[in-house]
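Read off the chains here:
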Amino acid sequence: MIGQVAVRRFPVLTVSTPRTEVRQLTAADAAAVDEVFADRQTQRWLPLAESSGQIDGRAWCTELARQRRDSGDGDHYGVVRREDRRVVGCLWTRRTDWGARLTEVSYAIAPHARGYGLAAEAVDAVAIALILEHGFQRVELRVAPGNVASKRVAEKAGFSYEGLLRNAGFVRGARVDLELWSFVAADLR
């Protein structure tokens, strides 16, 4: 197989915390995913072109998740509130570099579930599971300056601020700087 690179499939991941469970999404989760991504505050920070429109929950839970998983780039997960088994958020990994054993995590939480620490709890649990159970060395989180809630999530989840990536991303079609946060294997000591 000279010249060919074997594509690694992203690992199946399910993690539980006292208040949440993070698991792969299914077609049955589409309505909840639609609710999460339809929120104006969530849309304000999504890295989508203005003309791309609304994320289709069914596609996000099925084809898009499968494509990302099969390509080895990442996966899509639901954040389930344990008390009522309701999907209250989405968490996704992307930009996976298997050689460096790193991936990026992003998330969105439904408006009715914000302010309770569920995002930080879920992001922390996923980062720890990726490092301890799947051999990752680094999990990154990128935050657009001004997204104060996401900055708080990064801090509460134990991520360390590393610096500003100038003109590194886009939000609704406009170029933006991104704050780079990381959680590495050494953070578990």
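Up top is the structure.
As the structure is a computational prediction, the values presented were derived from the model and not from experiment. (Residues numbered from 1 in each chain as written. Predicted model: local features only at pLDDT ≥ 70, side-chain atom pairs only at ≥ 80, totals over all residues. Heavy atoms only, no water.)

Engineer: Hey, could you run me through the pairing of strand β6 (residues 138-143) in this one?
Structural biologist: Walk down a regular strand and you will see the side chains alternate between the two sheet faces. Most of β6 sits inside the fold, with 5 of its 6 residues counted as buried. Two strands pair when backbone bridges link them, and strand β5 (residues 102-109) and β6 are joined in this way by 3 bridges, in the parallel orientation. Residue pairing in the sheet places Leu102 in a bridge with Arg138 of β6. Of the crossover connections in this fold, the one passing from β5 over helix α5 (residues 118-134) to the parallel β6 is right-handed. Where β6 lies against strand β8 (residues 174-184), 6 bridges are found, and the strand directions are antiparallel. Bridging across to β8, Arg142 finds its partner in Leu180. (Buried < 20%, exposed > 50% of the residue type's maximum accessible area, 1.4 Å probe, protein only. Helix = DSSP H or I, 4+ residues; strand = E, 2+ residues; numbered from the N terminus. Pairing = 2+ DSSP bridges. Right-handed = clockwise from strand over helix to strand, strands pointing away.)

Engineer: Just checking my understanding: could you explain helix α6 (residues 148-156) for this structure?
Structural biologist: Three- or four-residue spacings in an α-helix give side chains the same orientation, since the helix completes a turn every 3.6 residues. Those residues of α6 that fall on the buried side of the exposure criterion are Ser150, Val153 and Ala154. On an axial view of α6, the arc spanned by its buried residues comes to 100 degrees, and they lie on one face. Contacts made by the buried residues of α6 are with β5, α5, β6 and β8. Downstream of α6 by one or two residues, Gly158 has phi in the positive range, about 90 degrees. (Arc of directions from axis to C-beta. Contact = heavy atoms within 4.5 Å.)

Engineer: What is the right way to look at the sheet that holds strand β4 (residues 86-97) in this model?
Structural biologist: In a beta sheet, neighbouring strands are held together by backbone hydrogen bonds and run either parallel or antiparallel to one another. One open sheet holds the 8 strands; their spatial order is β1-β2-β3-β4-β5-β6-β8-β7, and the pairing between them is mixed. Either end of the sheet is taken by a strand with one partner, and the two such strands are β1 (15-16) and β7 (160-171).

Engineer: Even after reading the chapter, I still don't get the packing of aromatic side chains, so can you show me in this structure?
Structural biologist: Each pair of aromatic rings is reported with the distance of its centres and the angle of its planes. Summed over the entire model, instances satisfying the criterion amount to 8 aromatic pairs. Plain terms: the ring middles of Phe159 and Phe183 are 5.5 Å apart, the flat faces sit at 45 degrees to each other, and that makes the pair tilted. In this pair, Phe159 is assigned in the loop between α6 and β7 and Phe183 in strand β8, connecting sequence segments 24 residues apart. Here the two residues Phe159 and Phe183 agree in accessibility, since each one is buried. Put simply, the rings of Phe10, Trp98 and Phe136 pair up and form one aromatic cluster. Sitting above the plane of the Phe136 ring, Arg101 keeps its charged end 5.2 Å from the centroid. (Phe/Tyr/Trp six-rings, centres within 6.5 Å; stacked < 30°, edge-to-face > 60°. Lys NZ or Arg CZ within 6 Å of the ring centre and 35° of its normal.)

Engineer: Hey, could you run me through the pattern of salt bridges in this one?
Structural biologist: Oppositely charged side chains are able to pair whenever their charged atoms sit close together. Counted according to the given criterion, the structure contains 15 salt bridges. For the salt bridge of Asp75 with Arg69, the shortest nitrogen-to-oxygen distance reads 2.6 Å. Of the two residues, Asp75 and Arg69, both sit in the buried class. Several salt bridges share partner residues, and in doing so they unite Arg94, Arg95, Glu104, Arg138, Glu140, Arg142 and Glu162 into one network. (Salt bridge = Lys/Arg side-chain N within 4 Å of Asp/Glu carboxyl O.)

Engineer: Sorry, what's going on with the environment of Arg81 here?
Structural biologist: With respect to the helices and strands, the residue Arg81 is situated in strand β3 (residues 75-81). Judged by its relative accessible area of 13%, Arg81 falls in the buried class. A sequence separation of 60 residues divides Arg81 from Glu21, and the C-alpha atoms of the two residues are 6.6 Å apart. Excluding residues within four positions of it along the chain, Arg81 makes contact with Arg19, Arg86, Val88, His112, Ala113 and Leu118.

Engineer: Any chance you could explain the nonpolar core here in plain terms?
Structural biologist: For soluble globular proteins, nonpolar side chains are generally found buried alongside one another. The biggest cluster of nonpolar side chains holds 35 residues, and the ones touching the most others in it are Leu91, Val123, Leu141 and Phe159. At the level of secondary structure, the elements contributing two or more residues to this core comprise β3, β4, β5, α5, β6, α6 and β8. With 11 residues, the single largest contributor to this core is α5. The residues contacting Val123, other than those within four sequence positions of it, are Leu91, Val105, Tyr107, Leu141, Val153, Ala157 and Phe159. Formed by 12 residues, the second largest nonpolar core is a distinct cluster that contains Val33, Phe37, Trp60 and Cys61. (Core = buried A, V, L, I, M, F, W, Y, C linked by side-chain atoms within 4.5 Å.)

Engineer: What is the right way to read the pairing of β7 from this model?
Structural biologist: Pairing analysis gives 8 bridges linking β7 to β8, with the strands arranged antiparallel. Within β8, the residue paired with Gly163 across the bridge is Leu180. The turn joining β7 and β8, which pair antiparallel and follow one another in sequence, is formed by 2 residues; a positive phi near 50 degrees is taken by Arg172.

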